[in-house]
Every structure is written in C-alpha cells, then in structure tokens.
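# Observations on the three-dimensional arrangement
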Amino acid sequence: MQNDIFSSDAAFDSLYTLRAQQLSAIHWTPLQIAIKAATFLTGGTGKHILDIGSGVGKFCIIGAHYFPSHIFYGVEQRRTLIDEAIIAQNATATTNAQFIYGNFTDLETDHYDHFYFYNSFSENIFHYKPIDNLVDASAALYTSYIEHFHQMLEEKPAGTRLATFHCHHNQIPPGYKRVEHITGQQLKFWIKV
Ligand SMILES: C[S@@+](CC[C@H](N)C(=O)[O-])C[C@H]1O[C@@H](n2cnc3c(N)ncnc32)[C@H](O)[C@@H]1O
C-alpha cells in the first residue's frame, strides 16, 4: 500500500481532498521532481530541509519517504493546507516530516540547512487559478517576501543548497551559484559559494 502511494502523482494525490487534487497540476510538486530535488538537497552537510510554502506537504512527504535519515520541514500560511499535509503524513506513517503553520517571514530559520522553493510568492503577482482568495496578496507583499527570502539565504553558510522549481534566476541572491538546470523541467539547483 505504501509503495503504491509513491508510484505516481495520481496515486499520491489520492491522499488529498478532491479540491487539493484539482490544484495539484499547478500548485504541488510532481513526484519525480520532488525525488530529484530531495536527492540534491540531501547531498550536502546537515539533515534539516525546509520547504518554503509547503502547501499540502507533497514535497516534504515524498522527500521524507526516500530519505529517511533527513528531516523535512514545511512552513505554510494556509491552515487548511497544513491540515491536508498532516492527514497525508499520518496516512503514509511519515515520522521524519514536520509542518509549521505560519508565514515564512515569521519563522526562525537558523535550524534549517537546505531549502526547497516552488516560486511560492508568485501568487502575489500572478492570479492564474489561485489556491483560494483567503490570504492577502499584493505586489508590495511579493517584494517584501522576496527581500526576506534573499536576506535569509544570504546569511546562510557556504555550501547551503537550494532547489527551485519554476523560478527565474533574478529571484535568487547572487551569492548562490547555479550548479544544474534540468532542462524542460523548470528545476534548478543552487549552492552558496
Ligand atoms: C506553489 S505552492 C507549492 C507547495 C509545495 N511546496 C509543493 O511543492 O508541493 C506555494 C505554497 O506557498 C504558500 N505560501 C505563499 N506565500 C507564503 C508565505 N509567505 N509563507 C508561508 N507560505 C506561503 C502558499 O499558500 C502555497 O501553498
């Protein structure tokens, strides 16, 4: 049963409500992308990986399944999505993932070694098929979230890894060097130099 859940996106998404399943193609990381990103992020020193804007927890739970000696954390500003993540976590008996309800800008990030970012703040500037209309969204918020994201990443030590999905290079601080771009998949890997 466990292996079946991790066999395809459709199987994995069946852990979620119909509404979350309908959002998956646009808002949640595909299974094979999550595996590739987690493979990269677990290749550095340190075992604490943070998904910034973790949604229904798909990246974290898949990463935790394939890399049981690491801990995958997700911070998410929508309570309903945290609830979905915890239900999926329990259904898959995942013990090395943890979901934190709140805004990323309020999170103390010293504890985390490497980061996953699926262009989470873009909902402030692009309004195509939104998750919901229950959080504030504006260009000013986008700017302040990106500034906070840059500052947090810049304060991290050399060797810090970042995996981005559907992000432009101008969203990444200059101290991070792109080490791989999986062409056609919008997946990029960065390391702080
Ligand atoms: C594109 S989805 C990605 C979800 C998940 N990382 C995945 O890959 O499956 C982006 C998520 O970021 C969340 N988000 C956006 N801005 C946030 C913020 N400032 N703090 C916490 N979560 C945020 C949204 O609610 C949404 O669930």
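These lines cover the structure that appears in this document, whether it is placed above or below. Note on numbering: residues in each chain are counted from 1, in written sequence order. Local features in a predicted model are, by the rule used here, given only for residues with pLDDT of at least 70; side-chain atom pairs are given and counted only at 80 or more, and totals for whole chains, interfaces and linings are based on all residues. Side-chain metrics in this entry use all non-hydrogen atoms of the structure; hydrogen atoms and water are not considered.

## A few points about the overall build of the protein
Helix and strand counts for the protein stand at seven helices and seven strands. Secondary structure elements in the protein, listed N-terminal to C-terminal, are α-α-α-α-β-α-β-α-β-β-α-β-β-β. The globule rule is 2.2 Å times the number of residues to the power 0.38, and the radius of gyration it is compared with is taken over C-alpha atoms. The C-alpha atoms of the protein give 15 Å as radius of gyration, which agrees with the globular expectation for 193 residues (16 Å, within 12%). Considered along the principal axes of its C-alpha atoms, the protein spans approximately 45 × 35 × 35 Å. A buried classification covers 50% of the 193 residues belonging to the protein. Any pair of residues with heavy atoms lying within 4.5 Å of one another is described as a contacting pair. In the protein, once contacts between residues fewer than 6 apart in sequence are set aside, the share between residues at least 24 apart is 67%. Charge convention: Lys and Arg are scored as positive, Asp and Glu as negative, and His as well as the terminal groups of each chain are ignored. One atom stands in for each charge, and that atom is NZ of Lys, CZ of Arg, CG of Asp or CD of Glu. Of the charged side chains in the protein, 13 are positive and 18 negative, and the gap between their average positions amounts to 8 Å. Every helix listed is a DSSP run of H or I at least four residues long, and every strand listed is a run of E at least two residues long, numbered separately from the N terminus. Buried, partly exposed and exposed residues are distinguished by accessible area as a fraction of the type maximum, computed with a 1.4 Å probe on protein chains only: under 20%, between the cut-offs, and over 50%, respectively.

## Some thoughts on the site of the ligand
Consider each residue's heavy atoms; a residue with any of them within 4 Å of a molecule or strand counts as near. Near the ligand, the surroundings consist of 22 residues, among which Thr29, Asp51, Gly53, Glu76 and Arg78 are the closest. Here a nitrogen atom of the ligand sits 2.8 Å away from a polar atom, N or O, in the side chain of aspartate 51. For this analysis, a polar contact is any N or O atom pair within 3.5 Å, provided that within protein one partner can donate a hydrogen and the other can accept it, and provided that sequence-adjacent residues contribute only side-chain to side-chain pairs. The side chain of asparagine 103 places a nitrogen or oxygen atom 3.0 Å from a nitrogen atom of the ligand. Bound to the protein, the ligand loses 97% of the 600 Å² it would expose on its own. The residue classification treats Ala, Val, Leu, Ile, Met, Phe, Trp, Tyr, Cys and Pro as nonpolar and Asp, Glu, Lys and Arg as charged. All others, Gly included, are polar. The residue inventory of the shell around the ligand, partitioned by class, reads nine nonpolar, nine polar and four charged. Values of accessible area rely on a 1.4 Å probe in the Shrake-Rupley scheme; residue burial ignores everything except the protein chains shown.

## Some thoughts on the sheet that holds strand E4 (residues 114-117)
In short, DSSP must find at least two bridges between two strands for them to pair. Taken in spatial order, the seven strands of this open sheet run E3-E2-E1-E4-E5-E7-E6, and their pairing is mixed. This sheet does not close on itself; its edge strands, each paired only once, are strand E3 (97-101) and strand E6 (176-182). Taken pair by pair, the neighbouring strands of this sheet meet at an average axis angle of 20°, ignoring direction. With three bridges joining them, E4 and strand E5 (residues 161-165) adopt parallel strand pairing. Residue phenylalanine 115 lies in a different strand from E5, and its bridge partner there is leucine 162. Strand contacts of helix H7 (residues 139-154): strand E1 (48-52), E4, E5, E6 and strand E7 (187-192), with the helix running at about 155° to E4, the strand carrying the most contacts. Fitted lines through C-alpha atoms give the axes, limited to the stretch in contact for helices. The angle between two N-to-C directions lies from 0 to 180 degrees.

## Some remarks on the nonpolar core
In globular proteins that are soluble, nonpolar side chains generally tend to be buried together. Grouping buried Ala, Val, Leu, Ile, Met, Phe, Trp, Tyr and Cys residues that are joined through side-chain atoms within 4.5 Å yields what is termed a nonpolar core. In this structure, Phe12, Phe59, Phe72 and Tyr116 are the most contacted members of the largest nonpolar core, which totals 39 residues. Elements with a contribution of two residues or more to this core: helix H3 (18-27), helix H4 (31-41), helix H5 (58-66), helix H6 (79-91), E3, E5 and E7. The element that contributes the greatest number of residues to this core is H4, accounting for eight residues. Counting residues in hydrophobic clusters, the runner-up holds 22 residues, among them Tyr142, Met152, Leu153 and Leu162.

## Regarding H7
Expected helix span is given by 1.5 Å per residue-to-residue step, counting one fewer step than there are residues. Over its 16 residues, H7 extends 22 Å from the first C-alpha to the last, a length consistent with the 22 Å expected when each residue adds 1.5 Å. Along H7, the residues that are buried comprise Tyr142, Tyr145, Ile146, Phe149, His150, Met152 and Leu153. Down the axis of H7, the buried set is contained in an arc of 165°. They therefore lie on one face. For H7, exposure combined with an orientation more than 90 degrees from the buried face picks out Ala140 and Glu147. Working note: the arc is built from the helix axis to C-beta atom directions.

## Considering the environment of alanine 139
By the secondary structure assignment, alanine 139 is in helix H7. Here the alpha-carbon distance between alanine 139 and phenylalanine 121, two residues 18 residues apart in the chain, equals 9.8 Å. Ignoring any residue separated from it by four or fewer positions in sequence, one finds alanine 139 in contact with Asn124 and Ile125.

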